[in-house]
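The residues making up each chain are set out below.
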Amino acid sequence: MTDLETFANEPLVIAGRKIDGRTMEARRFRALATDLAAQLQRGPSPAERLLLLNAATLATMCERFTADLLEGKPVDEEPYRRNVAALSAILIKLGMAAKSRDVTKRDRAGPDDFGAALIEANGQ
């Protein structure tokens, strides 16, 4: 059994408590955590495992907000935004999402010799 399979099949133990994995929420949590672990394409290290569990928790919470919103239930948007931002930060730490950054002239690569030659050849 690989590290990833072990992660997917081991009992859910959170904060030292064994969680009954039969509830709908526990099954969804495990599916999210397993999918995220699979995206790593290797068995997670202990630190990555903690981040994966936190990401699965936040993703579960975000999904709950989304379901409530789509069902027309009232939703407090600020906690949702905070959860999405926190989830994004964890995914970036795990290398699963690119961090957005300010792209300025300073960040551009040097001149493109091929492009410059085309422009010169076309007399522009």
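Here's what I pulled together on the structure shown here. Bear in mind the structure is a predicted one, so any value in this text is a computation, not a measurement.

**Considering the packing of helix α2 (residues 24–40) against helix α3 (residues 46–70)**
For step 1, the next point in the chain: α3 packs onto α2 with a crossing angle of 130° between their chain directions and a minimal axis gap of 9 Å. Compared by their axis directions, α2 and α3 come out oblique. Considering only the axes of α2 and α3, their crossing is right-handed. Contacts between α2 and α3 involve Glu25, Arg28, Phe29, Leu32, Ala33, Leu36, Ala37 and Leu40 from the first element and Glu48, Leu52, Leu53, Ala55, Ala56, Thr57, Ala59, Thr60, Glu63 and Arg64 from the second.
For step 2, the next point in the chain: Within the contact of α2 with α3, the residues separate by chemical class into 11 nonpolar, two polar and five charged.

**A short note on α3**
For step 1, the next point in the chain: End to end, α3 covers 36 Å across 25 residues, agreeing with the expected 36 Å (1.5 Å per residue, within 8%).
For step 2, the next point in the chain: Residues Glu48, Leu52, Leu53, Ala55, Ala56, Leu58, Ala59, Thr60, Cys62 and Phe65 constitute the buried set of α3.
For step 3, the next point in the chain: Two residues or fewer after α3 comes glycine 72, characterised by a positive phi angle close to 80°.

Scoring rules and cut-offs
- Along every chain, residues carry numbers that run from 1 in the direction the sequence is written.
- With the structure being a predicted model, the display of local features is reserved for residues of pLDDT at least 70 and the display and counting of side-chain atom pairs for 80 or more, all residues being used for whole-chain, interface and lining totals.
- In computing side-chain properties, one takes all heavy atoms of the structure into account and sets aside hydrogens as well as water.
- Orientation is described by axes fitted as lines to C-alpha atoms, over the contacting stretch for helices, and by angles from 0 to 180 degrees between their N-to-C directions.
- Helix and strand definitions follow DSSP, with helices as H or I runs of at least four residues and strands as E runs of at least two, each counted in order from the N terminus.
- Should an angle lie under 35 degrees it is considered roughly parallel, over 145 roughly antiparallel, and from 65 to 115 roughly perpendicular; all remaining angles are considered oblique.
- Throughout, a crossing is termed right-handed when the near helix is turned clockwise from the far one, and left-handed when it is turned anticlockwise from it by less than a right angle.
- What makes two residues a contact is simply this: any of their non-hydrogen atoms within 4.5 Å.
- Lys, Arg, Asp and Glu make up the charged group, whereas Ala, Val, Leu, Ile, Met, Phe, Trp, Tyr, Cys and Pro make up the nonpolar group; the residues left over, Gly among them, are polar.
- The span expected for a helix works out to 1.5 Å for each residue beyond the first.
- Remark: exposure states derive from per-residue accessible area (1.4 Å probe, protein chains only) relative to the maximum for the residue type, with buried under 20%, exposed over 50%, and partly exposed in between.

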